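Each chain is listed here by its residues.
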Amino acid sequence: QQAKEFLCRAAETKLENPDKVLDALTSLEKSCKKKFKEDSSAFSKDIMDNISGEWRLVFTTGTKERQKKTGGRVNYFPLKAIQKFDASTEPKFIENGIYG
(Lines give C-alpha, C1' and ligand atoms only; values in the text may rest on other atoms or scores of the structure.)
Protein backbone atom coordinates (compact mmCIF):
# COMPACT_ATOMS: atom_id res chain seq x y z
CA GLN A 1 0.00 0.00 0.00
CA GLN A 2 2.88 2.35 0.81
CA ALA A 3 4.44 1.83 -2.64
CA LYS A 4 1.11 2.51 -4.35
CA GLU A 5 0.60 5.75 -2.40
CA PHE A 6 4.14 6.85 -3.22
CA LEU A 7 3.63 6.14 -6.94
CA CYS A 8 0.34 8.04 -6.98
CA ARG A 9 2.14 11.03 -5.47
CA ALA A 10 4.99 10.66 -7.98
CA ALA A 11 2.52 10.51 -10.88
CA GLU A 12 0.85 13.66 -9.60
CA THR A 13 3.95 15.76 -8.98
CA LYS A 14 6.60 14.10 -11.20
CA LEU A 15 9.09 15.32 -8.61
CA GLU A 16 9.86 12.13 -6.69
CA ASN A 17 13.33 10.58 -6.83
CA PRO A 18 13.47 8.28 -9.91
CA ASP A 19 15.41 5.60 -7.99
CA LYS A 20 12.70 5.47 -5.34
CA VAL A 21 10.05 5.31 -8.06
CA LEU A 22 11.82 2.30 -9.59
CA ASP A 23 12.02 0.64 -6.17
CA ALA A 24 8.28 1.17 -5.62
CA LEU A 25 7.44 -0.17 -9.09
CA THR A 26 9.64 -3.22 -8.48
CA SER A 27 7.98 -3.81 -5.12
CA LEU A 28 4.49 -3.72 -6.65
CA GLU A 29 5.57 -5.98 -9.51
CA LYS A 30 6.93 -8.59 -7.05
CA SER A 31 3.73 -8.40 -5.01
CA CYS A 32 1.61 -8.95 -8.13
CA LYS A 33 3.71 -11.92 -9.23
CA LYS A 34 3.30 -13.46 -5.77
CA LYS A 35 -0.49 -12.98 -5.85
CA PHE A 36 -0.62 -14.49 -9.34
CA LYS A 37 1.31 -17.57 -8.22
CA GLU A 38 -0.97 -18.00 -5.21
CA ASP A 39 -4.22 -17.86 -7.22
CA SER A 40 -3.86 -17.02 -10.90
CA SER A 41 -7.59 -17.27 -11.57
CA ALA A 42 -8.55 -14.79 -8.84
CA PHE A 43 -5.70 -12.47 -9.83
CA SER A 44 -6.76 -12.48 -13.50
CA LYS A 45 -10.41 -11.88 -12.57
CA ASP A 46 -9.41 -8.94 -10.38
CA ILE A 47 -7.47 -7.41 -13.28
CA MET A 48 -10.36 -7.82 -15.72
CA ASP A 49 -12.85 -6.44 -13.17
CA ASN A 50 -10.76 -3.30 -12.65
CA ILE A 51 -9.04 -2.52 -15.95
CA SER A 52 -11.86 -0.73 -17.78
CA GLY A 53 -11.30 3.01 -18.02
CA GLU A 54 -8.52 5.39 -18.98
CA TRP A 55 -4.94 4.81 -17.86
CA ARG A 56 -2.19 7.38 -18.26
CA LEU A 57 1.43 6.46 -18.96
CA VAL A 58 3.53 8.37 -16.43
CA PHE A 59 6.77 6.38 -15.97
CA THR A 60 8.98 4.41 -18.33
CA THR A 61 11.62 1.96 -17.13
CA GLY A 62 12.81 0.20 -20.24
CA THR A 63 13.53 -3.52 -20.39
CA LYS A 64 15.46 -5.39 -17.68
CA GLU A 65 18.44 -5.49 -20.08
CA ARG A 66 18.27 -1.72 -20.59
CA GLN A 67 17.97 -1.17 -16.83
CA LYS A 68 21.17 -3.16 -16.30
CA LYS A 69 23.02 -1.03 -18.86
CA THR A 70 21.81 2.27 -17.40
CA GLY A 71 21.90 1.25 -13.74
CA GLY A 72 18.10 1.05 -13.50
CA ARG A 73 16.39 4.30 -14.31
CA VAL A 74 12.87 5.61 -14.38
CA ASN A 75 11.96 8.44 -16.67
CA TYR A 76 8.85 10.54 -16.38
CA PHE A 77 7.01 10.31 -19.72
CA PRO A 78 7.03 13.83 -21.23
CA LEU A 79 3.78 13.67 -23.23
CA LYS A 80 0.20 12.85 -22.35
CA ALA A 81 -0.21 9.19 -23.34
CA ILE A 82 -3.44 7.38 -22.50
CA GLN A 83 -4.69 3.84 -22.94
CA LYS A 84 -8.43 3.19 -22.82
CA PHE A 85 -9.72 -0.27 -21.97
CA ASP A 86 -13.21 -1.75 -21.96
CA ALA A 87 -13.24 -5.32 -20.68
CA SER A 88 -17.05 -5.51 -20.70
CA THR A 89 -17.34 -5.78 -24.50
CA GLU A 90 -16.70 -8.67 -26.89
CA PRO A 91 -14.20 -8.42 -28.33
CA LYS A 92 -12.40 -6.51 -25.60
CA PHE A 93 -11.57 -2.91 -26.52
CA ILE A 94 -8.25 -1.06 -26.27
CA GLU A 95 -7.26 2.32 -27.66
CA ASN A 96 -3.94 4.12 -27.40
CA GLY A 97 -3.41 7.84 -27.78
CA ILE A 98 -0.51 10.27 -27.46
CA TYR A 99 -1.37 13.94 -27.13
CA GLY A 100 1.10 16.79 -27.49
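Because the structure is a prediction, the values reported are computed rather than measured.

Let's talk about the pairing of strand S3 (residues 93-99)
When strand S2 (residues 75-86) meets S3, the two strands line up antiparallel, connected through 7 bridges. Residue Phe85 lies in a different strand from S3, and its bridge partner there is Ile94. Hairpin connection, S2 to S3: the antiparallel pair is bridged by 6 residues.

Section: the packing of helix H2 (residues 18-38) against helix H3 (residues 40-50)
The N-to-C vectors of H2 and H3 enclose an angle of 125 degrees; their axes lie 5 Å apart at closest approach. Classified by the angle between their axes, H2 and H3 sit oblique to one another. Along its contact with H2, which presents Cys32, Lys35, Phe36 and Glu38, the element H3 presents Ser40, Phe43 and Ser44. In terms of residue class, the contact of H2 with H3 is made up of 3 nonpolar, 2 polar and 2 charged.

Side note on the packing of aromatic side chains
Across all of its chains, the model carries 2 aromatic pairs by this definition. Here the aromatic rings of Phe36 and Phe43 are separated by 5.8 Å at their centres, their planes lie at 85 degrees, and the arrangement is edge-to-face. Relative to Tyr76, the ring of Phe59 has its centre 5.5 Å away and its plane inclined at 55 degrees; by these criteria the two rings are tilted. Taken as a pair, Phe59 in strand S1 (residues 53-60) and Tyr76 in strand S2 lie far apart in primary sequence, 17 residues in all. This pair shows no difference in class: Phe59 is buried, exactly as Tyr76 is.

Examining the nonpolar core
Ala3, Phe6, Leu7, Ala10, Val21, Leu22, Ala24, Val58, Phe59, Val74 and Tyr76 form the largest nonpolar core, which has 11 residues in total. For this core, the secondary-structure elements that each account for two or more residues are helix H1 (2-13), H2 and S1. Here this core gets 4 residues from one element, more than from any other, and that element is H1. Excluding its chain neighbours within four sequence positions, the residues that come into contact with Ala10 are Leu15, Glu16, Val21, Phe59 and Tyr76.

Quick notes on the confidence of the model for the protein
Per-residue pLDDT for the protein has a mean of 90; in total, 100% of the residues score no lower than 70. The element-level mean pLDDT for the protein is lowest in helix H4 (residues 64-70), coming to 79, with H3 highest at 94.

Thresholds, definitions, all that
Residues numbered from 1 in each chain as written. Predicted model: local features only at pLDDT ≥ 70, side-chain atom pairs only at ≥ 80, totals over all residues. Heavy atoms only, no water. Pairing = 2+ DSSP bridges. Helix = DSSP H or I, 4+ residues; strand = E, 2+ residues; numbered from the N terminus. Axes fitted to C-alpha atoms, helices over the stretch in contact; angles between N-to-C directions. Parallel < 35°, antiparallel > 145°, perpendicular 65-115°, else oblique. Contact = heavy atoms within 4.5 Å. Nonpolar A, V, L, I, M, F, W, Y, C, P; charged D, E, K, R; others polar. Phe/Tyr/Trp six-rings, centres within 6.5 Å; stacked < 30°, edge-to-face > 60°. Buried < 20%, exposed > 50% of the residue type's maximum accessible area, 1.4 Å probe, protein only. Core = buried A, V, L, I, M, F, W, Y, C linked by side-chain atoms within 4.5 Å. pLDDT = per-residue confidence, 0-100.

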